[in-house]
Amino acid sequence: MTDERTHRRRGDGGEQLTVPPADFASYYGRPVLKPPVWKYDIAGYLFTGGLAAGSALIGAGAQLTGRPGLRTVGRWTALGGVAASTYLLVHDLGRPARFHHMLRVAKVTSPMSVGTWILAAFGPLAGVAAVAELAPLLPQHGVLGLARRIAPPIGNVAGLAAAATAPALATYTGVLLADTAVPSWHDAYPSLPFVFAGSALAAASGVGLIAAPAAETAPLRRLALAAAAVEFGGGHQMERQGLTSEPYRHGRSGRLVKAGRVLLAVGTATALLSRRSRVLSALSGAALVASSVATRFGVFEAGRVSARDPKYTVVPQRERLTENRAATPF
């Protein structure tokens, strides 16, 4: 029996066979799934883009409800967020010309192409709305006086237009991640846009609670509560997607996601209690911003983990194959 087993492990000439046992760690020396080439610039891009979108919505709401201090904070935060987001995207691309080249075509079937155009449309609108806030600093007479008079209405139109594109900016990144072959991102396609939308509103509410006049921040507390409900709901579904949800619950990525959830709960609860306390408002705002950062980096890291470990690709494929065979009549 021993000789027979030895013969099976060796070729006819007695040489050791070079094919290793299959463990699904590689395919002929190559990974089962190519990991994403994106660096952590993209995780920052996910956060700053969402912050910009949420802030534009808050700025437009403040404009319509007569809250000038909150409007100013929302508009400048939107501009800062989209500027940082564009920089991080271009830096990850490696060359600024690559961003320009992406604007040469428009493909509605490509989330990256659609997102590039959304970013290109949102940025100038947010910029015009923010610069209009400088109008009171201009002289009252002459050419600059004319600019002082026409800047506010132009800024109002631009602010509302930016807010109209903000929902797409806040959620398209979730669609972009889910459109890849990365298991933990791809399988979370129904919930990622909701998680990112809630995270965007939470971060923007946090900045408003920190920087806006306390007398104008009452809507932000209600918005933070709504954002938490959306994000918790989407996150609950995201973590129930089967094997590929493991990275959202375990390891470094799981710790980041859990930290984001705890910070979101703390920030929301503190915001509801901070009506008369400037210190509590600032603390709740900081917690909400930090929760958004932790959530975005956690989701990004979870995708990288699932791409590196072949079980998240092979096991679900085996399960689907078994289900298909069981459902196919003989």
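Values in this document were obtained by computation on a predicted structure and should not be read as measured data.

A few words on the overall build of the protein. Within the protein, the regular secondary structure consists of 12 helices and zero strands. Ordered by position from N to C terminus, the α and β elements of the protein give α-α-α-α-α-α-α-α-α-α-α-α. Relative to its full complement of 330 residues, the protein shows a buried share of 45%. Of all intrachain contacts in the protein linking residues separated by at least 6 positions in sequence, the fraction that spans at least 24 positions is 73%. Here the protein displays about 17,400 Å² of accessible surface, and carbon together with sulfur accounts for 64% of that area.

Y45, F122, L169, L177, W185, Y248 and V299 are the most contacted members of the largest nonpolar core, which has 39 residues in total. Contributing elements (two or more residues each) for this core: α2 (40-64), α3 (68-93), α5 (111-131), α6 (142-178), α8 (192-211) and α11 (278-308). Residue contacts for L177: discarding those within four places in its chain leaves W38, L46, W185, H186, L192, F196 and V299. In terms of nonpolar packing, the next biggest core, distinct from the first, is built from 20 residues, L51, A202, A212 and L288 among them.

Taken together, the side chains of W76, V131, L134 and L137 define a hydrophobic patch exposed on the protein surface, amounting to about 400 Å² of accessible area. Along the chain, the position of L134 falls in the loop between α5 and α6. With relative accessibility at 38%, the residue L134 sits in the partly exposed group.

Here, the residues flagged by UniProt with the feature "transmembrane region" (unreviewed entry) are residues 42-64, 114-138, 150-172 and 192-212. Along residues 42-64 one finds 100% helix and 0% strand; the C-alpha atoms at either end are 33 Å apart. End C-alpha atoms of residues 192-212 are separated by 29 Å, and the span's content is 95% helix alongside 0% strand.

Counting through the fold element by element, Y172 comes out in helix α6. The spacing of Y172 and G115 is 57 residues in sequence and 6.3 Å in space, taken between C-alpha atoms.

Definitions and limits used
- Here, residues in each chain are numbered from 1, in the same order as that chain's written sequence.
- Reporting of local features is limited, given that this is a predicted model, to residues whose pLDDT is at least 70; pairs of side-chain atoms are given and counted only at 80 or more, and all residues count toward the totals for whole chains, interfaces and linings.
- Computation of side-chain values: all heavy atoms of the structure, hydrogens and water removed.
- Secondary structure elements are defined from DSSP: runs of H or I of at least 4 residues count as helices, runs of E of at least 2 residues count as strands, and each element is numbered from the N terminus.
- Residue burial is assigned from relative accessible area. The probe radius is 1.4 Å, only protein chains are included, and a residue is buried under 20% of its type maximum, exposed over 50%, and partly exposed in between.
- Contacts are residue-level and defined by heavy atoms, with any inter-residue pair within 4.5 Å sufficient.
- All accessibility values rest on the Shrake-Rupley procedure with a 1.4 Å probe; residue burial counts only the protein chains present in the view.
- Definition of nonpolar core: a set of buried residues of the types Ala, Val, Leu, Ile, Met, Phe, Trp, Tyr and Cys, connected through side-chain atoms within 4.5 Å.
- A residue counts toward a patch only above 30% relative accessible area and without a salt bridge, and it is joined to like-charged neighbours within 9 Å or, for Val, Leu, Ile, Met, Phe, Trp and Tyr, to nonpolar neighbours within 5 Å.
- Basic side-chain nitrogens of Lys or Arg form a salt bridge, by our definition, when they fall within 4 Å of a carboxyl oxygen of Asp or Glu.
- UniProt positions are given in the numbering used here, feature names are shortened, and annotations may be inferred rather than shown by experiment.

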